[in-house]
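Examining the three-dimensional arrangement
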Amino acid sequence: MDRWIGKVAIVTGASSGIGATAVKALATAGMVVIGLARRAERVLELKKTVPPEVAHRIHSHRCDVTSEQSIVDAFALIDHQFGGVDVLINNAGVSKLTCTLLTAGNGADLRTVLDTNVMGLVLCSREAFQSMKRRSIDGHIVNINSILGHKYIGFPNLNIYGASKYAVTAITETLRNDLRNEGTRVKVTSISPGIVRTEMVPEGDQFQDTPMLEADDVVSAILYALGTPPHVQVHEVIIKPVGETN
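Residues numbered from 1 in each chain as written. Predicted model: local features only at pLDDT ≥ 70, side-chain atom pairs only at ≥ 80, totals over all residues. Heavy atoms only, no water.

As annotated in an unreviewed UniProt entry, the chain is Dehydrogenase from Anopheles coluzzii. We quote the UniProt Sequence similarities (unreviewed entry) comment for the chain here in full: "Belongs to the short-chain dehydrogenases/reductases (SDR) family." (UniProt positions renumbered as here; feature names shortened; annotations may be inferred.)

Here we take up helix H5 (residues 107–134). Here H5 is 28 residues long and its end C-alpha atoms lie 38 Å apart, about the 40 Å a rise of 1.5 Å per residue gives. At Asp115, H5 shows its maximal bend, which comes to roughly 35 degrees. In the segment just after H5, Ser136 is the residue with positive phi, at about 55 degrees. (Helix = DSSP H or I, 4+ residues; strand = E, 2+ residues; numbered from the N terminus. Expected span 1.5 Å × (residues − 1). Bend = angle between axes of the 7 residues up to and from the residue.)

Locating Leu77 in the fold gives a position in helix H4 (residues 68–82). In sequence terms Leu77 and His61 are 16 residues apart; their C-alpha atoms lie 9.1 Å from each other.

Another aspect to go through is the pattern of salt bridges. All told, the structure shown has nine salt bridges when counted by the stated rule. For Glu182, the salt bridge identified is with Lys133, shortest N-O distance 3.3 Å. Taken together, the positions of Glu182 in the loop between helix H6 (161–181) and strand S6 (187–193) and Lys133 in helix H5 put the pair 49 residues apart, joining distant regions of the chain. For Arg176, the salt bridge goes to Glu173, with nearest N and O atoms at 2.6 Å. On the criterion of helical spacing, the pair formed by Arg176 and Glu173 is a turn pair, its members being three residues apart in helix H6. Assessed through its relative accessible area of 8%, Arg176 is described here as buried. Given a relative accessible area of 40%, Glu173 falls into the partly exposed group. What emerges from the salt-bridge pattern is a single network uniting Glu68, Arg126 and Glu127. (Salt bridge = Lys/Arg side-chain N within 4 Å of Asp/Glu carboxyl O. Buried < 20%, exposed > 50% of the residue type's maximum accessible area, 1.4 Å probe, protein only.)

Val11, Leu26, Ile89, Ile144, Ile191 and Ile222 are the most contacted members of the largest nonpolar core, which totals 37 residues. Contacts of Leu26, omitting those with residues within four sequence positions, involve Met1, Ala9, Val11, Met31, Val33, Ile89, Leu223 and Leu226. Ile10, Cys63, Phe75 and Ala92 belong to the second-largest nonpolar core, a separate cluster that totals 28 residues. (Core = buried A, V, L, I, M, F, W, Y, C linked by side-chain atoms within 4.5 Å. Contact = heavy atoms within 4.5 Å.)

Spatial ordering of the open sheet is given by S3-S2-S1-S4-S5-S6-S7, a layout of seven strands whose pairing is parallel. Two strands bound the open sheet, and with one partner strand each, they are strand S3 (58–62) and strand S7 (236–239). The sheet shows a mean angle of 15 degrees between the axes of neighbouring strands, direction not considered. As defined by bridge partners, strand S1 (residues 8–12) adjoins strand S2 (residues 32–37) across five bridges and the pair is classed as parallel. Note that in S2 the partner of Thr12 across the bridge is Leu36. (Pairing = 2+ DSSP bridges. Axes fitted to C-alpha atoms, helices over the stretch in contact; angles between N-to-C directions.)

Pasting the structure below:
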């Protein structure tokens, strides 16, 4: 990670779970980190949980990744204030467990999932790449995917979530091809965990006996991918908790 010291990382969905953990880990590793979130105040709260020499490298900005204008404005501000982005962690994601694909009136919920998990990821990647290209930076884009982006698992009410993660798998490969065709050495990595203990996991007894990963486990994979030499590109990391049945 030494080559990233002092460089700028953006983490989307930074207010909780994997995103919040990534913000702290990247800042601890010496990066200047901007956490993008609708609840930007929660990113600022993270500063209280780390030493002062780490806290001063953590910044936040309110951004709704379902809005293209919000994304464009956020990246423009970061370009102006911090000089651009070197690493993007596409972590923002949402699931809507209150409906199936066939539930009447489900359009708004389904669009929210696609706009967040798919279009938000693509548009953030576009803006990050444009920043990297302007400065001739060999940056890195990391997409937080899911095991559900590789196989169908019959959890109830996942509706279009699995399809959104299959899209991330395809988009990652498309990005890799586009980045190569652009003549850059910008890397892109997909990290696909099994179930992770975050706010996205429903409360109650449904998962009480289910083996789970912790956010730290996923962030360790992010650091591994970022820490590889410039000539090494980690295409895909699949992480499962021991004892997972699917």
